[in-house]
Amino acid sequence: MMRDMGDPVPVDVSAEALALFADHGAATYAERVTMEHHARQAAALASAAGADDAMVLAALLHDVGHFLDQSDSEFGVTDHGAIGGAWVAARFVDAVSEPVRLHVAAKRYRCFVDPGYEAELSPASVGTLYLQGGAMSAIEAEAFEAEPFAAAALAVRGWDDGGKVAGLEIPSVECWRPLLEDPGLRR
Ligand SMILES: [Fe+2]
């Protein structure tokens, strides 16, 4: 069951996050990699791109919403952007939580502005796209562009899309513990 957002946030957020990966990270949701590998790859891509710590942590946690509620399709939790964004926002600063909240919207935005983008998505991401409302309308796109963290969400979206390569050797989730424990990133 989804955690009540009114509950007090546990003090040991890094242990809580690592436990979520341990308990739920083996799911694949129709991708070629597990959710844990996907998160690790997204974080590694962010780090390799020179992203700041908040963005790397956002990449690591972008799909945490899949771990927080019951799957409603073979693709996991359709509303995982909002659910994960709320979980992250209760623990970390906006620079971490907002890209998480907006990474599904970023996909729908890219589909509106870039007609070739959908063809680059994984089959599972295309499957969820239609559950999530498909490409944005012009009015939705304008509202997305006005979001303070729109550019960050689009960057996380790129690492999300890129982080689905089977068989890569990449840093463990544990390697990112210093970011999970960084007081400068905490709420
Ligand atoms: Fe993802």
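Up top you'll find the structure we're talking about.
Per chain, residues are indexed from 1 in the order of the written sequence. Note on the predicted model: pLDDT of at least 70 is required for a residue's local features to be given, and 80 or more for side-chain atom pairs to be given and counted; whole-chain, interface and lining totals, by contrast, use all residues. Processing note: side-chain calculations cover all non-hydrogen atoms of the structure and skip hydrogens and water entirely.

Bringing helix α2 (residues 35–48) into the picture now. The helix count covers DSSP runs of H or I at least four residues long, the strand count covers runs of E at least two residues long, and both are numbered beginning at the N terminus. One less than the residue count of a helix, multiplied by 1.5 Å, gives the span that helix is expected to have. An ideal rise of 1.5 Å per residue puts 20 Å on 14 residues; α2 measures up with 20 Å between its terminal C-alpha atoms. Only protein chains enter the calculation, and the probe is 1.4 Å; a residue is then buried if its accessible area is under 20% of its type maximum, exposed if over 50%, and partly exposed in between. Regarding α2, the residues found buried are Met35, His38, Ala39, Arg40, Gln41, Ala42, Ala43, Ala44 and Ala46. Each element contacted by the buried residues of α2 is listed here: α1 (13–24), α3 (53–61) and α8 (150–162). Just beyond α2, the residue with positive phi is glycine 50, at close to 80 degrees. Should any heavy atoms of two residues lie within 4.5 Å, those residues are counted as being in contact.

Moving on, we get to the layout of surface pockets. As a volume, the largest pocket reaches approximately 180 Å³. For each structure, a 1 Å grid was placed over the protein atoms alone; sets of points admitting a 1.4 Å probe that cannot get out are labelled cavities, open sets with protein on both sides within 12 Å along at least five of seven lines are labelled pockets, and lining residues have an atom within 4 Å of a point. Lining the largest pocket, in full, are Thr78, Asp79, Gly81, Ala82, Arg101, Leu102, Val104, Ala105, Arg108 and Gln132. Secondary structure elements with two or more residues in the lining of the largest pocket: α4 (80–89) and α5 (94–113). It is α5 that contributes the most residues to the lining of the largest pocket, five residues altogether. When residues are sorted by character, Ala, Val, Leu, Ile, Met, Phe, Trp, Tyr, Cys and Pro go into the nonpolar class, Asp, Glu, Lys and Arg into the charged class, and all the rest, Gly among them, into the polar class. Broken down by class, the residue content of the lining of the largest pocket amounts to four nonpolar, three polar and three charged. Grid points are joined across faces, edges and corners, and a volume is the space filled by probe spheres set on the points.

With that settled, consider the packing of aromatic side chains. Between two aromatic rings, the relevant description is the distance of the centres plus the angle of the planes. The rule is short: rings of Phe, Tyr and Trp, with Trp giving its six-membered ring, pair when the centres are within 6.5 Å, and they are stacked under 30 degrees, edge-to-face over 60, tilted in between. Using the criterion set out here, one finds two aromatic pairs in the structure. Taking 5.3 Å as the distance between ring centres and 80 degrees as the angle between the ring planes, the aromatic pair formed by phenylalanine 21 and phenylalanine 67 counts as edge-to-face. You can see phenylalanine 21 sitting in helix α1 and its partner phenylalanine 67 sitting in the loop between α3 and α4, a full 46 residues away along the chain. You can call phenylalanine 67 buried: its relative accessible area is 6%. Lysine and arginine charges are scored as sitting over a ring when NZ or CZ, respectively, is within 6 Å of the ring centre and within 35 degrees of the ring normal. Above the face of the phenylalanine 92 ring, arginine 186 is positioned so that its terminal group lies 5.8 Å from the ring centre.

In short, geometric facts, not functional conclusions.
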